[in-house]
Every structure is written in structure tokens, then in C-alpha cells.
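Per-entry structural report
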Amino acid sequence: MSEIEEELLLAFKLSRVITYDVLDRCAFPYRDVVKEKLSNEKDIIRENGHEYCYLGRELSDLDWQTILSIIDNDDRVFRFLSVLPKEGVNRLYETLLKHESNVNHYVSVILQVMIDLNLSETPLFLVNRLMRQGFNLEKRVLIKAIKIYLVFGKFEQAKLCYNVFFGNNNPDSSSYGEIVLYHIVRRLEHGETLSADLFFEKYQLDKIDIDDEEAVDLLTSTAQELFLLSRFDDCQHLLKNLLPLCQRRKRWISLYYGYFLNILCAAMSDSHETALGRYELYTLLPYRTHKMEYMTTVAIIISSIWAGKGLHTIDKYITRFKRDYLSSADNCFYQIYSLYCNMLIEVSRERFSFKSFVAFERKLISVYEYNQVSEAWNTPDFYSLYELARCRDERVRLPCIVKASFVEHFYQEQIRNYLRNRPCDFKPPILFVCLKRSMQAIDLQKEGASCHALSKKEREIVELLKLGYSYKDLASALNISINTVKSHANNIYKKLGVKGRYDLL
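Please read these numbers as outputs of a predicted model, since none were measured by experiment. (Residues numbered from 1 in each chain as written. Predicted model: local features only at pLDDT ≥ 70, side-chain atom pairs only at ≥ 80, totals over all residues. Heavy atoms only, no water.)

1. Some remarks on the overall build of the protein chain
For clarity, the threshold we go by: Each helix corresponds to a stretch of at least 4 residues labelled H or I by DSSP, and each strand to a stretch of at least 2 residues labelled E; elements are numbered beginning at the N terminus. For the exposure calls, accessible area comes from a 1.4 Å probe over protein chains only, and a residue counts as buried if that area is under 20% of its type's maximum, exposed if over 50%, partly exposed in between. Two residues qualify as a contact provided that any one of their heavy atoms is within 4.5 Å of a heavy atom in the partner residue. All accessible areas in this document rest on Shrake-Rupley with a 1.4 Å probe, and a residue is counted as covered only by the protein chains that are shown. Positive residues here are Lys and Arg, negative ones are Asp and Glu, while His and the chain termini are left out of the count. For the purpose of locating charges, the reference atoms are NZ of Lys, CZ of Arg, CG of Asp and CD of Glu.
Per the secondary structure count, the protein chain includes 28 helices and five strands. Projected onto the principal axes, the alpha-carbon positions of the protein chain cover approximately 105 × 50 × 40 Å. A burial count over the protein chain gives 54% of its 505 residues as buried. For the protein chain, restricting intrachain contacts to residue pairs at least 6 apart in sequence, the fraction spanning at least 24 positions comes to 69%. Carbon together with sulfur atoms contributes 49% to the accessible area of the protein chain, which is approximately 23,800 Å² in total. Separation of charge centres in the protein chain, based on 67 positive and 67 negative side chains, amounts to 8 Å.

Right, dumping it as C-alpha cells:
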């Protein structure tokens with residue numbers, strides 16, 4: 001019996017069913033090999049709808065030593081857990097508790113693989129159960145359990161568990177994993193970055209031990225902050241060495257997020273051809289996952305629209321994105337970026353559909369209400385998206401729950417500053433340049449229409465107010481009472497849609 005056949009048999013012993021969506025999370029080319037094996041064993045495995053069911057003779061007891069040897073083998077544990085449904089993971093954990101005294105080691109390995117594979121079937125209640133054991137668990141297990149909360153956007157649980165089990169002291173002398181959690185929790189609590197400068201400098205000086213198990217998470221967190229801080233060149237420099245490291249260690253969640261950042265960095269640096277080249281390169285990698293392919297497709301669509309490319313030029317990417325859309329619904333950030341991508345496509349169409357845009361907006365609001373997104377920092381910039389939509393239809397309004405989640409200090413604020421004619425630290429892609437021009441043109445049209453609605457006397461008062469004259473000066477110059485000036489001024493403010501004379505200036 002081959003290793004793959006042995007792993008599939010054990011998966012069936014733990015759970016008699018293997019579903020299609022579970023197979024989709026397997027890395028290529030292993031996914032195709034598994035599907036071929038399952039389809040060829042027609043005498044004992046039946047393909048029923050969207051699952052494979054084991055029909056052979058009664059499965060014998062679990063070979064416990066084989067399972068332990070698989071967990072201790074880096075390649076085999078990834079293959080084994082990638083085809084194991086939620087029920088199988090639960091039974092595996094129960095069996096670990098029953099048979100193995102050194103449960104911390106094996107649970108730590110299983111949790112890390114769950115994080116790396118970003119399993120949609122990861123049983124959160126299993127993590128909750130681990131947390132109830134709390135102080136009986138080793139730090140490495142607690143760190144990985146808290147990471148799972150973070151991956152799923154459960155920020156309150158992550159903060160609470162971190163503060164209970166680790167306290168709030170700076171752990172600079174502790175493991176990389178604990179240091180990463182400390183800075184992430186602080187970032188969640190204070191809404192600003194605290195670690196990019198520190199760790200990027202250490203990285204440049206070769207003071208980070210990349211052989212450490214948690215070094216990948218530390219560097220991924222640093223790359224993310226560099227991107228958020230608009231330091232796109234620094235982010236790409238770090239990713240150049242980080243991505244091969246992720247691939248060697250099969251750290252899939254860090255790998256595809258790094259690819260995602262790499263494409264967006266190129267787009268933000270106004271290098272769409274570079275972003276396109278990287279996307280095409282990633283699709284040729286010999287070892288890739290379904291989610292990696294999906295998120296890089298989202299990134300290239302966003303990048304292309306930012307670069308001012310027409311939808312007809314990226315039709316094949318949009319088709320791929322729409323085909324895989326439902327598979328993204330297991331993580332709140334997948335959903336948010338997927339909805340942002342859909343809404344960006346909608347406002348870029350030749351004929352804008354207000355109804356379709358609002359339908360996506362309702363789904364977006366639902367995601368915000370159901371998850372703790374208000375504490376996140378890595379969501380897209382919805383301000384520019386809604387301004388783009390308002391240029392197409394003035395009925396569009398930015399939802400309060402989305403506006404309340406806007407962050408400061410990051411690239412999203414830089415884009416808002418640019419569109420509002422405030423200082424901006426980088427030159428945005430062409431989409432935002434065109435959007436700013438459209439916004440200014442609309443404002444001029446509104447101002448022109450409003451000014452046309454003013455009476456001759458009101459236009460005269462507007463010109464004097466713009467020169468800085470007071471109400472008293474106007475009353476004296478025009479030989480009218482100050483109350484009449486104030487009455488004219490109030491009518492002017494209402495017609496121009498401003499709050500007072502200082503807005504008029």
C-alpha cells in the first residue's frame with residue numbers, strides 16, 4: 001500500500017466521507033492524485049453527489065502508531081490533514097487524548113497545519129475546548145490556538161486569551177510566536193502599528209533567525225505592516241526572501257497572503273505589468289492551493305482596475321473569480337475582499353447597476369455585523385470605492401458601519417487624503433487620479449449650478465464674503481442692515497450646501 005493510499009484509508013477510518021470542498025484545499029498536484037485514487041477504487045468507494053463514501057468492509061481499528069508517525073512527518077501530516085473533514089479532526093483529537101500522554105506536541109503540530117492550510121473546517125469549538133484547559137497547555141499550543149482566532153477574525157477572543165495566558169508585558173526575549181501575538185494584540189487595541197520599523201531593521205541586519213519555527217509569522221506580520229504603511233518597496237524587498245521560505249516550509253496561509261501583498265504592492269507602485277507578470281508566475285508554481293489561486297486572482301483584478309484597465313482586458317480573470325466565488329466564504333477577510341472586488345467590478349462596468357451594487361453592499365454590511373471587522377486593519381479602502389460609485393449614481397451612500405471601521409496611519413488614509421486634496425505620502429495608481437478629477441468636476445458642476453440659482457444680490461455678497469469682508473463691512477458697503485446681510489448669507493449657504501462663511505472661503 002502506498003503512503004497516499006494509507007493516508008486515505010486512515011482518513012476514512014476517522015470519517016467515512018471525504019467531500020469535494022475538502023479536496024479543493026489540497027495543494028496541487030496532490031489534489032489531482034487523490035481524486036484519481038478515489039475515483040479508481042470504485043469497488044469500495046462510491047462517488048455520491050459532492051462526496052466520496054467508503055463502502056468497503058467494516059473498517060478495522062485505527063493503527064495508532066501509523067497516525068503518530070504521519071503527524072511527525074512534515075510532508076505526510078499536510079497530506080493527511082488536508083483530506084480530513086471536520087468530524088475526522090474531532091475524532092483524531094479525541095483519540096490523541098485517550099492514547100497519548102505527550103498530547104501537547106501532537107496538538108501543536110495539528111494546529112499549525114490547520115493554520116497553514118487555513119482550513120474552513122477548523123473546529124473552533126475544539127480551540128475553545130483547548131482554551132478551557134488553558135494553563136495545562138504548553139505555550140506553543142496556546143500561541144497556535146490564539147492564531148486560529150485571529151485567522152477567523154475572532155479578535156475579542158484572541159485579545160482575551162492572550163491577556164489571560166501571557167499578560168501584557170513586552171515579550172522581546174520570548175519566542176517569535178509570542179512576540180508576534182503581543183504586537184498584533186497591541187495593534188488591535190490601539191489601532192496603530194508598533195513593530196514594522198523594529199523587525200524590518202532586524203531583518204536587514206540579519207538578526208532574525210529564519211530557521212526558527214515562528215520566524216515566518218514574524219516576517220509575514222512585518223510585511224503586512226510595511227504594506228499598510230505605504231512602504232511598498234520595503235514590503236517587496238522582504239517578500240522576495242519570505243515567499244521561498246514559506247514555500248519550503250509549506251506555510252500556505254503566509255505564502256498566498258504574501259503573493260496577494262506582492263501583487264498589490266506592484267500595483268500601488270504603479271507597475272501593473274510587474275503585477276501581471278507575478279500573477280502569471282504564481283499560477284505556474286508546481287505546488288499551490290485552491291485558496292492561493294483564488295486570492296491572487298482577486299489581487300490581479302483589483303490591481304488591473306486600479307491601473308485603469310478596461311474590464312474586457314481582464315475578462316478571463318473575472319470569469320475565474322466568479323467561478324470560484326462561493327469557495328471564499330469561510331473567512332471574513334476573504335468575504336470582504338471578494339465583495340470589494342465585486343463592487344469594484346460593478347462600478348467599472350459601462351452601465352452601472354445601482355441595484356446590483358446595493359445587493360453587494362447588503363452582503364458587506366452583513367459581514368461587518370457578524371464579524372469583528374471594526375477592529376481589523378487590513379480591509380480595503382471603501383471610501384474611494386464609494387466615491388467612485390457616487391460618480392456613477394448620486395444615490396450611493398457610504399454605510400455608517402463601514403465608515404466607522406476606517407483606520408488611520410495606513411495607506412487607506414493616504415488615499416482618502418489624496419482624494420480630499422490633503423498631503424499624501426505616495427502617488428496612487430491611475431484609478432485614484434481619475435477619480436479625483438471626476439470628484440472635482442462634479443463639485444464644480446454643483447457649485448456652478450448652485451451659483452446660477454443665486455440672485456444678483458446674493459452673487460455680489462458671495463464675492464465680497466470670499467474676499468474676507470465681515471457682515472458689518474457688507475452692510476456698510478451695500479447700504480443695507482446687518483440683519484439683511486445675515487438673511488442673504490443664510491440663503492446662500494443653503495443653496496450652496498455649505499455650513500457657513502468659512503466653508504465658502
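Additional details are given in the paragraphs that follow.
2. Re the nonpolar core
Basically, it comes down to this: Only buried residues count toward a nonpolar core, which is a set of Ala, Val, Leu, Ile, Met, Phe, Trp, Tyr and Cys residues joined through side-chain atoms within 4.5 Å.
Phe-227, Ile-301, Trp-306, Leu-344 and Phe-382 are the most contacted members of the largest nonpolar core, which has 164 residues in total. Of all the elements, helix α15 (residues 252–268) adds the most residues to this core, at 14 residues. Not counting residues within four places of it along the chain, the set of residues in contact with Phe-227 comprises Phe-232, Cys-235, Leu-261, Leu-264, Cys-265, Met-268 and Tyr-411. Membership of the second largest hydrophobic core comes to 14 residues, among which are Leu-454, Val-485, Ala-489 and Leu-496.

3. Let's talk about the pairing of strand β4 (residues 51–54)
In plain terms, the rule: Two strands qualify as a pair provided that DSSP identifies no fewer than 2 bridges between them.
Pairing geometry for strand β1 (residues 17–19) and β4, over three bridges, is antiparallel. Within β4, the position partnered with Val-17 by the bridge is Cys-53. Pairing between strand β3 (residues 45–48) and β4: four bridges, direction antiparallel. When the bridges of β4 are listed, Arg-46 appears paired with Cys-53. Taken together, β3 and the strand that follows it, β4, pair antiparallel across an intervening segment of two residues, in which Gly-49 is found at a positive phi of about 65°.

4. Quick word on the sheet that holds β3
Heads up, the condition is: Think of each axis as a best-fit line through the C-alpha atoms, taken over the contacting stretch in the case of a helix, with angles from 0 to 180 degrees between the N-to-C directions.
Spatial ordering of the open sheet is given by β1-β4-β3, a layout of three strands whose pairing is antiparallel. Bordering the open sheet on either side are β1 and β3, each of which pairs with just one other strand. In this sheet, adjacent strand axes meet at a mean angle of 20° when their direction is disregarded.

5. Things to note about the side chain of Asp-381
Note the cut-off: Polar contacts here mean pairs of N or O atoms no more than 3.5 Å apart (in protein, one a potential hydrogen donor and the other a potential acceptor; neighbouring residues in sequence count only if both atoms are side-chain atoms).
With respect to the element layout, Asp-381 can be found in the loop between α20 (354–370) and α21 (382–392). Asp-381 gets classed as buried once you look at its relative accessible area, which sits at 3%. A polar side-chain atom of Asp-381 sits 2.9 Å from a polar atom in the side chain of Ser-384.

6. Overview of the packing of aromatic side chains
The criterion, for reference: Ring pairs shown here join Phe, Tyr and Trp side chains whose ring centres sit within 6.5 Å, with only the six-membered ring taken for Trp; geometry is labelled stacked below 30 degrees between planes, edge-to-face above 60, and tilted in between. In this scheme, Lys NZ or Arg CZ marks a charge over a ring once it lies within 6 Å of the ring centre and within 35 degrees of the ring normal.
In the structure shown here, the tally under the stated rule is 17 aromatic pairs. Centroid distance Phe-12 to Tyr-54: 5.3 Å. Interplanar angle 45°. Geometry classified as tilted. One end of the pair, Phe-12, is in helix α1 (residues 3–14); the other, Tyr-54, is in strand β4, with 42 residues separating them in the sequence. By relative accessible area, Tyr-54 is classed as buried at 11%. Ring pairs connect the aromatic residues Phe-227, Phe-232, Tyr-411 and Phe-426, which therefore count as one cluster. Of note, Arg-395 hangs over the ring of Phe-354, and the distance from its end group to the ring centre comes to 4.0 Å. The ring centre of Tyr-383 lies 4.7 Å from the NZ or CZ of Arg-420, which sits over that ring.

7. Observations concerning the packing of helix α10 (residues 155–166) against helix α11 (residues 176–190)
Each packed pair of helices is defined by two parameters, the angle between the axes and the distance between the axes. To keep things clear, this is the line we draw: Our angle categories are set so that under 35 degrees counts as roughly parallel, over 145 as roughly antiparallel, 65 to 115 as roughly perpendicular, and the remainder as oblique. Note on convention: near helix rotated counterclockwise from far helix by under a right angle means a left-handed crossing. Clockwise means right-handed. Here the term charged refers only to Asp, Glu, Lys and Arg, the term nonpolar to Ala, Val, Leu, Ile, Met, Phe, Trp, Tyr, Cys and Pro, and the term polar to all other amino acids, Gly among them.
Close contact between α10 and α11 brings their axes to 10 Å; oriented N to C, the two are set at 125°. As the angle between them shows, α10 and α11 are arranged oblique. In this structure, α10 crosses over α11, and the sense of that crossing is left-handed. Packed against α10, whose contacting residues are Phe-155, Lys-159, Tyr-162, Asn-163 and Phe-166, the element α11 presents Glu-178, Leu-181, Tyr-182, Val-185, Leu-188 and Glu-189 at the interface. Grouping the constituent residues of the contact of α10 with α11 by class yields seven nonpolar, one polar and three charged.

8. Thoughts on the confidence of the model for the protein chain
Rule in force here: Residue-level confidence of the predictor is summarised by pLDDT, bounded by 0 at the bottom and 100 at the top.
For the protein chain, the average pLDDT comes to 84, and 92% of its residues sit at 70 or higher. Element-level mean pLDDT values for the protein chain span from 67 in helix α28 (residues 501–504) up to 94 in α21.

9. Some words on the packing of helix α17 (residues 290–306) against helix α19 (residues 332–348)
Interhelical geometry of α17 versus α19 gives an angle of 35° and a closest axis separation of 10 Å. Two packed elements cross with a definite hand, and for α17 against α19 that hand is left-handed. On α19, the residues that touch Lys-291, Tyr-294, Met-295, Val-298, Ile-301, Ile-302, Ile-305 and Trp-306 of α17 are Tyr-334, Tyr-337, Ser-338, Tyr-340, Cys-341, Leu-344, Ile-345 and Ser-348. Counted by class, the contact of α17 with α19 contains 13 nonpolar, two polar and one charged residues.

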